[in-house]
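So you can see what is in the structure, the chains are spelled out below.
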Amino acid sequence: MQVEYSNLVRNYHSWLADKTFLRQIDDWFEITTPYLNRHNDYLQIYAKRVGDKYILSDDAQTIRDLQLSGCELDTEKRIYLLQEILNGFHVQRQGDELITEATTENFSVRKHSLLQAVLAVDDLFYLAQPYIKSLFFEDVASWLDSIGARYLSNVKLTGRSGFDYNYDFVVTKSRERPERLLSAVNNLDINHAKNMLTAWLDTKDSRPPDAEAYAIINDAIKAPPESSLNALKMYEIKPVIWSARQNAESAFDR
């Protein structure tokens, strides 16, 4: 049995060596590995000798790819998740670049650590999915703060049926504007639209007669379906597309 597993380990090492390729680019060596990212592309890292040490880098590809995919690492929770990963692999972040230093003796270990860190950070795109609602909630709250909106968050309202509904934000009534009920929607589909319609139709009669409902819709990853937007509009829920939120600031800043 031990011989069998020893052979498996040797085969794995042979596979890793056979599928790793080097290419020199000026002072750097590009290392193409058999590990795949979420796009099924081979992971590439870069190595450069500086004195008696080696600098290993992902050339900022990992974080920039997350950003291009709509996963910005710019809130407290996201930065915390990223730093926890990097600390576990002894990797540092410099700007958008992930780097580590190695000696001749520990080069293989540090190279492996950087690759594992790159894979883990790349997985933030998926690992963040359970947090996406709260992360987008944070983004909307920061925007409301930035425009000086006076609001309450996570407000439970009781509808005509006696059922309770949660609204992410309620911007309070002012001299110029009525009460505004806001839902932060990370991924609008017909089910989300139906849920919002149900909540609004059941709660609007218990609110002031001029109260308004809004859906703040994240379009960073994909555009919201027109059919869902039209359904919201039909029942007087006003959609605010996140990428065009500046056009709606006047609805909430007073």
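See the structure shown above.
Residues numbered from 1 in each chain as written. Predicted model: local features only at pLDDT ≥ 70, side-chain atom pairs only at ≥ 80, totals over all residues. Heavy atoms only, no water.

A. Geometry of the pattern of salt bridges. For the coordinates displayed, the defined rule picks out 14 salt bridges. The shortest N-O distance in the salt bridge between Asp65 and Arg38 comes to 3.0 Å. Pair noted here: Asp65 is in helix α2 (residues 61-68) and Arg38 is in the loop between β2 (28-36) and β3 (42-50), with a separation of 27 residues, a long-range link. Ionic pairing is found between Asp210 and Lys173, a salt bridge with its closest N-O pair at 3.8 Å. Here Asp210 is found in the loop between α7 (190-203) and β10 (212-217), whereas its partner Lys173 is found in the loop between β8 (164-171) and β9 (180-185), with 37 residues between them in sequence. (Salt bridge = Lys/Arg side-chain N within 4 Å of Asp/Glu carboxyl O. Helix = DSSP H or I, 4+ residues; strand = E, 2+ residues; numbered from the N terminus.)

B. Inspection of the packing of α7 against helix α8 (residues 226-234) at higher detail. Contact geometry for α7 and α8: axes closest at 9 Å, N-to-C directions at 5°. Between α7 and α8, the angle falls in the class roughly parallel. Listed contacts from α8 to Ile190, Ala193, Met196 and Leu197 of α7 are Ser228, Ala231 and Leu232. Within the contact of α7 with α8, the residues separate by chemical class into six nonpolar, one polar and no charged. (Axes fitted to C-alpha atoms, helices over the stretch in contact; angles between N-to-C directions. Parallel < 35°, antiparallel > 145°, perpendicular 65-115°, else oblique. Contact = heavy atoms within 4.5 Å. Nonpolar A, V, L, I, M, F, W, Y, C, P; charged D, E, K, R; others polar.)

C. The environment of Leu232, seen in detail. Considering the arrangement of structural elements, one finds Leu232 in helix α8. C-alpha of Leu232 to C-alpha of His112: the two residues are 120 residues apart in sequence and 50 Å apart in space. With sequence-adjacent residues up to four places away left out, Leu232 is seen in contact with Leu188, Ala193, Met196, Leu197, Ala215, Ile217 and Ile237.

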